[in-house]
Amino acid sequence: MASASAFEYAPAPESRSVVDLAPSYGLFIDGEFTDATGGKVFKTVSPSTEEVLSEVAEASEEDVDRAVKAARRAFEKWSALPGAERAKYLFRIARIIQERSRELAVLETLDNGKPIKETRDADLPLVAAHFFYYAGWADKLDHAGFGAEPRPLGVAGQVIPWNFPLLMLAWKIAPALATGNTVVLKPAETTPLSALFFADICRQAGLPKGVVNIVTGDGRTGAALVAHPDVNKVAFTGSTAVGKAIARTVAGTRKKLTLELGGKGANIVFDDAPIDQAVEGIVNGIFFNQGQVCCAGSRLIVQESIQDELLDALKRRLSTLRLGDPLDKNTDIGAINSAEQLARITALADAGEAEGAERWSPACELPDAGYWFAPTLFTNVTQAHTIAREEIFGPVLSVLSFRTPDEAVAKANNTQYGLSAGIWSEKGSRILAVASKLRAGVVWSNTFNKFDPTSPFGGYKESGFGREGGRHGLEAYLDV
Amino acid sequence: MSDARLSVFKTYKLYVGGKFPRSESGRVYEVTDPKNNWLANAPLSSRKDARDAVVAARKAFGGWSGATAYNRGQVLYRVAEMLEGRREQFVREVAEAEGLSKSKAAAVVDAAIDRWVWYAGWTDKIAQVVGGANPVAGPFFNLSSPEPTGVVAVLAPQESSFLGLVSVLAPVIATGNTAVVIAAEKAPLPALSLAEVLDTSDVPGGVVNILSGRPSEIAPSLAAHQDVNAIDLAGADEELAKELEIAAADNLKRVLRPRDVDFTATPGTERLTAFLETKTVWHTTGALGAAGSSY
């Protein structure tokens, strides 16, 4: 279908020469890079080529303990620093991120597999904006509405996912430091590199030793961090299953917990919606970052009377999406993050077919190496289908229909998740009525997948608790 | 003693779905004052009673959460009015339940009445305190507002049978949640009498459900219940609190851990916000706006 366009695009790859990758990286503890005790390492690969990018240290329980101790030592001075001084460190970090954004965007694309278009135009600007936003809070905490002199909690243990490695780091570290906490952060096993580059940014910014510590590793490293008795605050973004396990781990302790978990977002299109805008929003909702987004609009709930028209337009649009080299500036759909994730998406899509839903993908050549999944659309989906209930975390859209607004709301809310939803309609009163009935933390009307550091984000129900972003995001790191 | 009149005892009952049932189990337990004098037989609730209460609370949630904040404030204030009229009854019940002098019990009841008034005034203000416009960097109207989380299970404090109960219950319903309350195990009678007040105060049936019995028996099923959204562990000891928090992880309930609270002090907003979600709604805007207008 790509040949439908009159002209073929020539390759327009971004140069990777701006990134200087070392063959191996240690843990970042107390301001120094250090090997893991026992010397264990693991490899991180580029999902689009399966090329080994680097080797990274695998932190043991002992290493986690070293990192927490360093953070604890640093806490006393860091939390005692005047807010205005902490702010200046965060402003420095924000500026260095802006300066190095091209390097970081290419690095993130290499390690994650997402298109350079997205790392360059979405991830990196938001990363800098988050540090800039929370920097400004550091000397204004007394006025944030949490009482006079709200206190930091201490050492924050933070575990982040692989879908937005650097952005999730920013969401976690910026408010933690602004409020006077120190941090031990564990990036995801498949995307550790940008966090280690961030360690270098901390060095350039002159951040005191031990304020930020990065421990790389897999789920075991994360579990050790969460369970560490000297951690005062646990923040996690990732799967609902792991979130529940973490909630059990911190039960009966005084650790403050926030969880940002899975979703099965409903994107509701009414018959008076602007169809072309809605199609763009649907594409953005489920194919942005290959659908590996917790707030993805993975359930399209469309009014029956316009279903055929909308699906025709959507299929036409999907046929123009360009899948391939993520470093190519014209690429819309990059690689799936890992072989494991690809297997999961494949299994769930196969289950959709086996359960009787109708599968459609545009004609789409997948590269030979790397992990790829064509944008996929399922029709004839019922609410009982696995693909309508389970989070797929991939470029797979399930289409359901409705006749009345009440039915749309009932279907949208028929999930254990409650993170995001979209509404498409030209009628303001309908948008407001439906928005107020949706049990979801973020509702996008006539738009989708918009983020901003000033805007609280987080879930209802099993999508987790706590909010990140905005004034609300401070609460997770303050003793209130 | 010839003119001594034999008093009429009250059969204390549960409060579920706006009705006053006995426990479906048919069980009761002896309630005594701190000096071990018999006061009454209270229903010994079963896990089935707890499940029934959750069903009632869920059913009531749509209407209560959908009521205007002004209306909810009126209803909470009405509770204070009704309590004021029954002040003497509650002074006696609290004095008996907690072994307090008349004057101390009176102070406790007054504080509890005032607490309803305090929370009545919060219903239509909390959204402005914790919500508002977000100045995002783009052409969007972006607003965050608090919404009730749903059905909240409440383990009422054990040592403060009335003021403690009111202090944990009022904020839950002020914000539009519905509640399933387990009264203080040893001193449940003021709570069961409060049900009569709630019932005559325009609180819709099912918004508050009150159970008496053993927290160790009923609370685990509430903590594990898939249709309960949050749990307040105020009345749980350390061991039970941990067990319940682990069970609550199953559907990621919001958990308010037990902590030492001086119930006589004016509360902050912690108990209001603990059972609120924040919903952020984005809408596109054009470039037009008052701020950008030229006159």
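Everything quoted here is computed from the prediction, not taken from an experiment.

Trainee: Explain the overall build of chain B residue by residue, including any values.
Mentor: From N to C terminus, chain B includes 10 helices and 10 strands. Taking 295 residues into account, the globule formula puts the C-alpha radius of gyration at 19 Å, and chain B, at 21 Å, falls close to it. In terms of overall dimensions, chain B has C-alpha extents of about 90 × 40 × 35 Å along its principal axes. Taken across its 295 residues, chain B has 52% of its residues classed as buried. Just so you have it, chain B exposes about 13,100 Å², and 53% of that area is on carbon and sulfur atoms. In chain B, the 30 positive side-chain charges and the 34 negative ones have mean positions that sit 4 Å from each other.

Trainee: Could you give me a rundown of the interface of chain B and chain A, with the residues and numbers involved?
Mentor: With 33 residues of chain B at the interface, the matching set in chain A holds 43 residues. At the surface where chain B touches chain A, the tally comes to 2 salt bridges. The interface formed by chain B and chain A includes 25 residue pairs in polar contact (both at pLDDT 80 or more). Those elements that provide at least two residues to the side of chain B that touches chain A are α5 (126–130), β4 (140–148), α9 (238–248) and β10 (276–284) of chain B. Among the elements that take part in the side of chain B that touches chain A, β10(B) stands out by supplying 8 residues, more than any other. Residue classes in the side of chain B that touches chain A are distributed as 13 nonpolar, 11 polar and 9 charged. In this sheet, β10(B) lies alongside strand β17 (residues 442–445) of chain A in parallel orientation, the contact comprising 4 bridges. Across the sheet, A:V443 pairs through a bridge with B:V281, a residue of β10(B).

Trainee: Explain the packing of helix α6 (residues 163–174) of chain B against helix α7 (residues 189–199) of chain B to me, using residue names and the numbers behind them.
Mentor: All names here are of chain B. The N-to-C vectors of α6 and α7 enclose an angle of 45 degrees; their axes lie 11 Å apart at closest approach. The orientation of α6 with respect to α7, classified from their angle, is oblique. Considering only the axes of α6 and α7, their crossing is right-handed. In this structure, α6 uses L165, V166 and L169 to contact α7, whose residues at the interface are A191, L194 and L198. A per-class count over the contact of α6 with α7 returns 6 nonpolar, no polar and no charged.

Trainee: Could you give an account of the packing of helix α3 (residues 101–112) of chain A against helix α4 (residues 116–137) of chain A, naming the residues involved and the relevant values?
Mentor: All names here are of chain A. Relative to each other, α3 and α4 sit at 125 degrees, their axes nearing to 9 Å. It follows that α3 is oblique to α4 by the angle criterion. By crossing handedness, the relation of α3 to α4 is classed as right-handed. Between α3 and α4, the residues in contact are S101, L104, A105, V106, E108 and T109 and I116, T119, R120 and L124, respectively. In terms of residue class, the contact of α3 with α4 is made up of 5 nonpolar, 3 polar and 2 charged.

Trainee: Which residues make up the confidence of the model for chain B, and what are the values?
Mentor: For chain B, per-residue confidence averages 96 on the pLDDT scale, and 96% of positions sit at 70 or higher. With pTM at 0.96, the complex prediction returns an ipTM value of 0.95.

Reading the values: rules and limits
Residues numbered from 1 in each chain as written. Chains lettered and ligands numbered in written order. Predicted model: local features only at pLDDT ≥ 70, side-chain atom pairs only at ≥ 80, totals over all residues. Heavy atoms only, no water. Helix = DSSP H or I, 4+ residues; strand = E, 2+ residues; numbered from the N terminus. Rg over C-alpha atoms; globule rule 2.2 N^0.38 Å. Buried < 20%, exposed > 50% of the residue type's maximum accessible area, 1.4 Å probe, protein only. Areas by Shrake-Rupley, 256 points an atom, 1.4 Å probe, with all protein chains shown as cover. Lys, Arg positive; Asp, Glu negative; His and termini not counted. Charge placed at Lys NZ, Arg CZ, Asp CG, Glu CD. Contact = heavy atoms within 4.5 Å. Salt bridge = Lys/Arg side-chain N within 4 Å of Asp/Glu carboxyl O. Polar contact = N/O pair within 3.5 Å; in protein donor to acceptor, adjacent residues only side chain to side chain. Nonpolar A, V, L, I, M, F, W, Y, C, P; charged D, E, K, R; others polar. Pairing = 2+ DSSP bridges. Axes fitted to C-alpha atoms, helices over the stretch in contact; angles between N-to-C directions. Parallel < 35°, antiparallel > 145°, perpendicular 65-115°, else oblique. Left-handed = near helix turned anticlockwise from the far one by under 90°. pLDDT = per-residue confidence, 0-100.

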